[in-house]
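# Structure at a glance
Listed here are the chains, written in short residue letters.
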Amino acid sequence: MMIPLAHRGPLCYFSAMASKRPTMADLGEFGFIRSIQNNCRFSPAKVIQGIGDDCAVMGPYGEKVLLVTTDLLLEDIHFIRYLIPPTHVGEKALNVNLSDIAAMGGTALHAFVSLAVPKALCPDIVHALYRGIKNMCKKYGVDLLGGDTTASPDRMLINITVIGEAIENEVLFRSGARPGDHIYVTGPLGDSAGGLAILLGKATAPDTAASALVKAHNRPRPFLEIGRMIARSHLASAMIDVSDGLVSDLKHICDASHAGARISERALPVSKNLKALATSNDLDLFDLVLNGGEDYGLIFTVPEKNGALFSEMVEEGKKGPFFHIGNMVKGNTIEIIKTDNTITPIAAGGFDHFMK
Ligand code: ADP
Ligand code: MG
């Protein structure tokens, strides 16, 4: 149904915005998600994990479980039309979902795409967007099976839902980490934030470095194969992907696992390109690395007793490199060992959609 323009009057039912009542910004994105977590389930369906992890997990069906994740990209919030080709928007819209499947150790199977597009938009643009989605579907063996389409007043919105599967006893949740577990990341952190700084004209870099950093932002790749390998090994205890920033996403593991973490500044993987960008543009390198977000690598934890076996497996399989950035600890805070060996707590400063 379409609401005629004449009825889109001034604020009425939604007028909390104009009053003194708390706003979404007061709650924050993660506070909001916590606030809706109760009273969500009313069917006897087999649910292993609802709201609160990278995917919902349903089942078991035989030895397998079903994984479902959904993510939306909104123009001017997640991408700016003039700074990313539509094909890459399509790629990214699918890949951020595939990254959530990777974070559970699963295999992606099916995708559903919902679109809101302005009437005046040339269909070539939307077809280019679909080329990006389909290219990634082909690359990762995913079937595009449906979706929904509507007009939007001015901006594009793309929402993708991906369905995947995993072996039940291989699934890695955010909640499995324990004090003492080693914390690993799969690759350099902050490159995507560096690329965004370049796209927004806040930093410049020589051509090759700039294009690598912009690529990290516009064309992230999901760590599906690595996620499967980690899950299949049965040696890890928890996993999440880096969408909002290292500290913010590690905090999700800490909160779900009722533990804290201590990471070492010296151990954080940083690319040469990002180091050079930060130095030449006077950017705070460790803010980019700790809070940058949208790198879509994986953070995972490995219990101390599995450490040697894990290293052996990585070496044998020539996978990685993986970077051991610290350990889980008792408590509920994240601390960082600075290069001068002082230890300070760090608050999650990563991306929050409602941050003031
Ligand atoms: P990710 O960054 O891994 O995509 P999010 O931070 O977006 O995860 O979401 C965290 C959890 O909250 C997920 O389980 C997600 O399905 C759930 N969630 C997020 N927004 C909503 C919403 N509006 N309604 C219900 N669940 C939500
Ligand atoms: Mg995620």
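Notes on the structure follow. These figures come from a predicted structure and were not determined experimentally.

### Considering the pattern of salt bridges
In total, this model carries 13 salt bridges according to the counting rule given. K251 is paired through a salt bridge with D255; the nearest N and O atoms lie 2.6 Å apart. Of this pair, K251 and D255 are both found in helix α8 (residues 246–257), 4 residues apart, which corresponds to roughly one turn of the helix. Take K251: its relative accessible area is 25%, and that puts it in the partly exposed class. A salt bridge links E335 to R262; the shortest N-O distance between them is 3.0 Å. With E335 in strand β12 (residues 334–337) and R262 in strand β9 (residues 260–264), the pair connects residues that are 73 residues apart, well separated along the chain. The partly exposed category is assigned to E335, whose relative accessible area is 21%. With a relative accessible area of 33%, R262 lands in the partly exposed category.

### Describing α8
For α8, spanning 12 residues, the distance from its first C-alpha to its last is 16 Å, which sits close to the expected 16 Å at 1.5 Å a residue. Within α8, burial applies to L246, V247, S248, D249, L250, H252, I253, C254 and S257. Positive backbone phi, approximately 55°, marks H258, located one or two places after α8.

### Examining the site of ligand 1
As a structural note, the neighbourhood of ligand 1 is formed by F30, F32, I33, I36, I51, G52, D53, D54, D71, D100, R174 and S243. Separating an oxygen atom of ligand 1 from a side-chain N or O atom of S243 is a distance of 3.1 Å. For ligand 1, the protein covers 66% of the area, taking 560 Å² as the surface of the free molecule. The residue makeup of the shell around ligand 1, split by class, is 5 nonpolar, 2 polar and 5 charged.

Cut-off values and rules
Residue numbering note: each chain is counted from 1, following its sequence as written. Here every chain gets a letter starting at A, and every ligand a number starting at 1, in the order they are written. Side-chain atom pairs in this predicted model are given and counted only at pLDDT of 80 or more, local residue features only at pLDDT of at least 70, and totals for whole chains, interfaces and linings cover all residues. For the side-chain quantities, the full set of heavy atoms in the structure was used; hydrogens and water were omitted. In what follows, salt bridge is the name for a side-chain nitrogen of Lys or Arg lying within 4 Å of a carboxyl oxygen of Asp or Glu. Counting from the N terminus, the helices are DSSP H or I runs at least four residues long and the strands are E runs at least two residues long. Three labels apply to residues, based on accessible area from a 1.4 Å probe with only protein chains included: buried if under 20% of the type maximum, exposed if over 50%, partly exposed otherwise in between. Under the convention used throughout, the expected extent of a helix is 1.5 Å for every residue step, that is, one less than its residue count. Throughout, the term near means that a residue has one or more heavy atoms lying within 4 Å of the molecule or strand in question. Here a polar contact is recorded for every N or O atom pair within 3.5 Å, except that within protein the pair must consist of a potential hydrogen donor and a potential acceptor, and residues adjacent in sequence are included only if both atoms are side-chain atoms. For the accessible areas, the method is Shrake-Rupley and the probe is 1.4 Å, while residue cover comes only from the protein chains on display. The residue classification treats Ala, Val, Leu, Ile, Met, Phe, Trp, Tyr, Cys and Pro as nonpolar and Asp, Glu, Lys and Arg as charged. All others, Gly included, are polar.

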